[in-house]
Amino acid sequence: MSAKNPPRPSWITLRPRGAKFSYRIDRRVPLIALIIATFTIVVLVFSINYGQYNMTVGDVVLTLLGLNKDHPDYRNFALVVHTFRLPRILLSFLVGMALATSGTIMQGITRNPLADPYLLGVSSGAGLAAVVLIVAVKTISLYWLPWAALGGALLTAAGIYTFAWKNGTSSPIRLILIGIAIEAVLAAVTSTILLFGQINDVQQAYVWLAGSVYGRNWEHVYAIGGWLLIFLPAAMLMARQLNTLGLGEDTAKGLGQRVEWQRGVLLFISVTLAAVAVSVSGTIGFIGLIAPHITRRLVGPSHEGLIPASALFGGALLVLADLVGRWVIAPSELPIGVVTAMIGAPYFMYLLYRNRNA
Amino acid sequence: MTQLNAAHLSLSYDNTHIIHDLSVTIPTHKITALVGPNGCGKSTLLRGISRLLKPRRGNVVLDTHDIWSMPTKELAKRLGILPQGPVAPEGLTVHELVAQGRYPHQSWLQQWSPEDERITLEALEITDIAAFADRPVDTLSGGQRQRAWIAMTLAQDSDLILLDEPTTFLDLAYQIDVLNLLHDLNVERGKTIVMVLHDLNQACRYADFLVALCGGEIRAQGAPSEVVTEDLVNSVFGVESRIMQDPITDTPLIIPISHRRKTNLTETVLPSREMNLMPERETA
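This section reports on the structure supplied with the text. (Residues numbered from 1 in each chain as written. Chains lettered and ligands numbered in written order. Predicted model: local features only at pLDDT ≥ 70, side-chain atom pairs only at ≥ 80, totals over all residues.)

**A few points about the overall build of chain B**
Of regular secondary structure, chain B possesses 10 helices and 12 strands. In terms of overall dimensions, chain B is globule-like: its C-alpha atoms have a radius of gyration of 20 Å, near the 19 Å expected for 284 residues. Overall, chain B is about 70 × 50 × 35 Å in size when its C-alpha atoms are taken along their principal axes. The buried share of chain B, reckoned over its 284 residues, is 44%. The long-range share in chain B, meaning contacts at least 24 apart out of those at least 6 apart in sequence, stands at 65%. (Helix = DSSP H or I, 4+ residues; strand = E, 2+ residues; numbered from the N terminus. Rg over C-alpha atoms; globule rule 2.2 N^0.38 Å. Buried ≥ 20, exposed ≤ 12 C-beta atoms within 10 Å, placed from the backbone. Contact = placed C-beta atoms within 7 Å.)

**Description of the overall build of chain A**
If you tally the helices and strands in chain A, you get 14 helices and two strands. Relative to the 2.2 N^0.38 estimate, which gives 21 Å for 358 residues, the radius of gyration of chain A is 22 Å and therefore close to what a compact globule would have. The dimensions of chain A, computed from C-alpha atoms along their principal axes, are 70 × 55 × 40 Å. Within chain A, the proportion of its 358 residues that are buried is 49%. Sequence-distant contacts in chain A: of pairs separated by 6 or more residues, those separated by 24 or more amount to 75%.

**Observations concerning the nonpolar core**
All names here are of chain A. Of all hydrophobic cores here, the largest spans 179 residues; its most connected members are Ala98 and Ile224. For this core, the leading source of residues is helix α3 (residues 74-110), giving 16 residues. Leave out the neighbours within four places in its chain, and Ala98 touches Ile224, Leu228, Leu273, Ala274, Val276 and Ala277. (Core = buried A, V, L, I, M, F, W, Y, C linked by C-beta atoms within 7 Å.)

**Some thoughts on the interface of chain A and chain B**
Counting residues at the interface gives 30 residues for chain A and 38 residues for chain B. For the side of chain A that touches chain B, the secondary structure elements donating two or more residues are β2 (23-26), α9 (239-245) and α10 (249-254) of chain A. Here the side of chain A that touches chain B takes four residues from α10(A), the largest share from any one element. Among the residues forming the side of chain A that touches chain B, the class breakdown is 10 nonpolar, 14 polar and six charged. (Nonpolar A, V, L, I, M, F, W, Y, C, P; charged D, E, K, R; others polar.)

**Focus on helix α9 (residues 230-237) of chain B**
Residue and element names in this part refer to chain B. Where α9 is concerned, the buried positions are Leu232, Val233 and Val236. Along the axis of α9, the buried residues cluster in a sector spanning 100°; they form a single face. Among the exposed residues of α9, those oriented more than 90 degrees off its buried face are Asp231 and Asn234. On its buried face, α9 is in contact with β9 (209-214), β10 (217-222), α8 (224-227), β11 (241-245) and β12 (252-256). One or two residues past the end of α9 sits Gly238, with phi positive at roughly 70°. (Arc of directions from axis to C-beta.)

**Observations concerning the packing of α3(A) against helix α12 (residues 287-299) of chain A**
All names here are of chain A. Relative orientation of the contacting elements α3 and α12 amounts to 70°, with a least axis distance of 7 Å. Between α3 and α12, the angle falls in the class roughly perpendicular. For the pair formed by α3 and α12, the contact residues are Gly96, Leu99, Ala100, Ser102, Gly103, Thr104 and Gln107 on the first element and Ile287, Gly288, Leu289, Ala291 and Pro292 on the second. Of the residues that constitute the contact of α3 with α12, the class distribution is six nonpolar, six polar and no charged. (Axes fitted to C-alpha atoms, helices over the stretch in contact; angles between N-to-C directions. Parallel < 35°, antiparallel > 145°, perpendicular 65-115°, else oblique.)

**Remarks on the sheet that holds strand β8 (residues 192-196) of chain B**
All names here are of chain B. The six strands lie next to each other as β6-β7-β8-β3-β9-β10, forming an open sheet whose pairing is mixed. The two strands at the open ends of the sheet, each matched to only one other strand, are β6 (79-82) and β10. The sheet shows a mean angle of 15° between the axes of neighbouring strands, direction not considered. Across five bridges, β9 lies against β10 in antiparallel orientation. Considered in β10, the bridge of Val211 is made with Gln221. Running over the sheet, α9 touches β9 and β10 and is turned about 155° from β10. (Pairing = 2+ DSSP bridges.)

**Regarding helix α1 (residues 29-49) of chain A**
Structurally, the α-helix is built with 3.6 residues per turn, so residues lying three or four positions apart point the same way. Residues and elements named next belong to chain A. With 21 residues, α1 should cover 30 Å at 1.5 Å per step; its first-to-last C-alpha distance of 30 Å lies within 8% of that length. Along α1, the residues that are buried comprise Val29, Ile36, Val43, Leu44, Ser47 and Ile48. Down the axis, α1 shows its buried residues gathered within 125° of arc, on one side only. Facing away from the buried side of α1 by more than 90 degrees, the exposed set consists of Leu31, Leu34, Thr38 and Ile41. Those residues of α1 that are buried are in contact with β2, α2 (57-65), α3, α12 and α13 (303-328). (Expected span 1.5 Å × (residues − 1).)

**A word on unusual backbone geometry**
All names here are of chain B. The phi dihedral of Asp21 is positive, around 50°, even though this residue is not glycine. In this structure, Asp21 sits in strand β2 (residues 16-26). Positive phi is not limited to glycine here, since Asp128 has a value of about 60°. The residue Asp128 is located in the loop between α4 (114-126) and α5 (142-155) in this model.

Below, the structure written as structure tokens:
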């Protein structure tokens, strides 16, 4: 080898002393993650601060940390923060994380920056199940709505994956095309049911379909938090597989990757995260498309750092969207899904414009 | 020593049979070129012997193991394949691309070892792309990009390197550049190289062993100077030609006969077969 200085790698290797573990992240990740984390905390605090009951930002922080228990209004503070505001805000954050992670994986698998978490019919499957429960089968308690949505989403994704299977493979392009076809059918059935439903039920169903975190409680937070605790680290461990898939199927096979198996596991993680998110909040669009996309431009295309950074960013974005939704037409509120669509649609068009020659 | 052998191989896409009952042995530590007209099955054969395409019948054996029964990573440590016209994700740097060649040497928890680091740097040096290791692959020229991909395959650290049309879509200077690089890898590092080439003259120049395919069958195989004849070129490519000795490398040089000019040139300008047309080279 020559005596020249070897090029400095564009990554940092995390190799804890004594542990049989090493992980490689882009060297831009720590700084960007710090910036996003700061942004997240600021947005979280302001979001908790905003509402009918007036309290100072200082009070919010102290209440969160439990440092003002001797304040005369502490009981009120605690009620507002812990019971009313924190659950829905944390839920927004976790849903944003789940959707962003799901979207990052989906864009990686399909090698398409315009792919989103709902590519495999998660939204239409969950939507149909929810509409059936709300509008058609009124005997079942709405407590089961998240479970029905989760079931509908997973079932639809499994169906699309099965239909796309041919000669021992399921190529992304077949997944996309069959996904579009099945989604169209499910959407038609959903519309038909809505058409014959009672007006109140239909309105309620529409709010769910638009995506909303209104009135959610800690139970929902724990549910999605638990799934994330398993699947986010799993996705990060599989980041290397996503990188390899990104070089194209033949190259990946040449490098010794069991493409079909790895892609299947990654699809499963992506679909499950999206389905869990939809089950607690309805279909919130665009976050799973935008968060990975913007983050990729900040930290590069390697997934080891991209997955956690984009999860964090997705969470922050959704908390911001929730805040905007509560603010624009206060004291009424816009469903969070409407806000993300209003921000997301123009960005999507910008993406399409930028990719017009690709 | 890694020996790649295909026996009674039949390859097809869906119901289109491309190759039927073909057997070939890839000479170790040599450069082998697969040549033939479009649709002759040369790329299909390459895919067949690199496990990208499952054979309908027959088997491919690496040393003593059927490649389809080996663990995928074990195969990848011994046989690297660079597909035709690979595309890197937007923004991926050369260094990162080359690092991905270490995939078969890694595991779930050990994702990056000092050895990975060392071999990646070595691959960058050998292919002479260390200077732009930090540049995104999609901003490179065609020739530099192809070098980066070859470096990735090199980082895989396999004895055998298979390449599907590594020079297609490149300017002439880059074609020569890439072929020279492959030649050096063969001579200096003992890599066994198998490549599909479009240009018969380049194949004659750079390959030690030529496999000429037509209609999914091997029409000839052996050293270019032994197997390339005017009859072979006619029967494989359907082109009439004259064959001279390449003045630089002494390998066969095929001159296709142009229909447009044939009538008035055959008599006067085109050399007869018997004449030795080696231009006298000045020794400086």
